[in-house]
Amino acid sequence: MTQLTILAGGVGGARFVRGARTLAAAMDLDITVIANTGDDLWLTGLRVCPDLDSLMYSLGGANDTERGWGRAGESERVSAELTAYGVGWPWFTLGDLDLGTHIARTALLREGLSLTEATERLAARWKLGVRLLPATDDEVETNVEVADEEGETRLIHFEEWWVRHRGNIPTRRFVQQGIQSAVAAPAALEAVASSDVVLFAPSNPVVSIGTILTLPGMGQALRNSPARVVGVSPIIGGAAVRGMAELCLRTIGVEVSAAAVGLHYGSRPAGGLLDGWLVDSADSETLGPLRAAGMEARAVPLWMTSDESSAAIVAEALNLAAGTRTA
């Protein structure tokens, strides 16, 4: 059985993981998913974990496929009441069913469970077909340094930057609050160390995969792992497949291209993280520079339009990993 670990963000990561799950039986895969926790926050006294929940709902068949996030069949009566009381963020609406998850998670955390343990308890309800883990048990939240019209800077939570402002505000940098005292979750590090293959889902390379990689211990675990590490580009034809990856890349000074993101992660022979990098067929001209940097690279169709197309991408990533394995 192949031990497969996937680093993933929320909605796009869930599509990729569903593809991997589709292959699990045929390719004898045991799948662990390490989810970004940088989007996590405390809101109205509850611990909200957007990426963990997007993965859980999608894999559990409970997600809203029309909106692409949250629970299907939602109502928002509680959020309306909270707004009437002037509590919470009126621009960050939590559905009533979703609130049930946050209440349950918060109760488990207050009982003394780690986020890893609480996530396993919540996920057990849904029979996900994968093991879902948070990247860290510590509270490390992504903040964004923004500037007002006078040039004064302040930090706001990533969700406020994206959901409220859609990134349309002068942005200086991303800051991982709490990173100094945090470590990657022991279960996540163990998964990386015991894997045959580690895949980077085509999630945001700055605030999803990048946040996971920033956690103390994770980068070294990947470099030391016997696993082959292969990434899938979230950039196709010079544009992000979804979300705010373009804004994030520009903020950190990385070109919005498939090659630039692969080179940003770096090749393991050169001290980076990747053995292989998949780009879309539209970006085949980037293969030369990627290979010159020390990583194996291939160009294949990367649009995830169904579980079947996502499964085909995962299969290509696993084939690339097998092709780069040393004797």
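You'll find the structure just up there.
Values in this document were obtained by computation on a predicted structure and should not be read as measured data.

(A) Quick look at helix 5 (residues 115-123). Buried within helix 5 are the following residues: L115, T116, A118, T119, L122 and A123. Buried residues along helix 5 cover an arc of 165° about the axis, so they all sit on one side. Buried residues along helix 5 sit in contact with helix 2 (50-59), helix 4 (96-110), strand 5 (131-134) and helix 7 (186-193).

(B) Structural detail: helix 7. Among all positions in helix 7, only A187, A188, A191 and V192 are buried. Angularly, the buried residues of helix 7 cover 140° about the axis, an arc narrow enough to put them on a single face. For helix 7, the exposed residues lying more than 90 degrees away from the buried face are P186 and E190.

(C) Structural view of the sheet that holds strand 10 (residues 228-232). Sheet architecture is open: seven strands sit in the order 5-2-1-9-10-13-14, paired in parallel fashion. Strand pairing shows two members of the sheet lacking a second neighbour, strand 5 and strand 14 (296-300), which therefore form its edges. The average angle at which neighbouring strand axes cross in this sheet is 20°, direction not considered. Bridge analysis of strand 1 (residues 2-8) against strand 9 (residues 197-200) gives four bridges, and the strand direction is parallel. Bridge assignment links I6 to a residue of strand 9, and that residue is L199. Docked against the sheet, helix 7 engages strand 1, strand 2 (29-35) and strand 5, running at close to 125° with respect to strand 5.

(D) How the structure looks around the nonpolar core. Within the largest apolar cluster, 52 residues are counted, with the highest numbers of intra-cluster contacts made by L7, W161, F200, L213, M218 and L222. Here this core gets five residues from one element, more than from any other, and that element is helix 11 (residues 258-265). With near-sequence residues (within four places) excluded, L213 lies in contact with L7, F200, M218, G219, L222, Y265 and L273. Among the nonpolar cores identified, the runner-up in size contains 47 residues, and V17, A20, A24 and A321 belong to it.

(E) Inspection of the layout of surface pockets at higher detail. When its volume is computed, the largest pocket comes out at roughly 1,100 Å³. What lines the largest pocket is a set of 48 residues, and nearest its centre among them are V11, S54, W69, W162 and R242. Those elements that provide at least two residues to the lining of the largest pocket are helix 1 (11-27), helix 2, helix 4 and helix 6 (158-164). The leading source of residues in the lining of the largest pocket is helix 2, at five residues. Residue composition of the lining of the largest pocket, by class: 22 nonpolar, 15 polar and eleven charged.

Reading the values: rules and limits
- Residues numbered from 1 in each chain as written.
- Predicted model: local features only at pLDDT ≥ 70, side-chain atom pairs only at ≥ 80, totals over all residues.
- Heavy atoms only, no water.
- Buried < 20%, exposed > 50% of the residue type's maximum accessible area, 1.4 Å probe, protein only.
- Helix = DSSP H or I, 4+ residues; strand = E, 2+ residues; numbered from the N terminus.
- Arc of directions from axis to C-beta.
- Contact = heavy atoms within 4.5 Å.
- Pairing = 2+ DSSP bridges.
- Axes fitted to C-alpha atoms, helices over the stretch in contact; angles between N-to-C directions.
- Core = buried A, V, L, I, M, F, W, Y, C linked by side-chain atoms within 4.5 Å.
- 1 Å grid on protein atoms, 1.4 Å probe; cavity = no way out; pocket = protein on both sides within 12 Å on 5 of 7 lines; lining within 4 Å.
- Points joined across faces, edges and corners; volume = space filled by probe spheres on them.
- Nonpolar A, V, L, I, M, F, W, Y, C, P; charged D, E, K, R; others polar.

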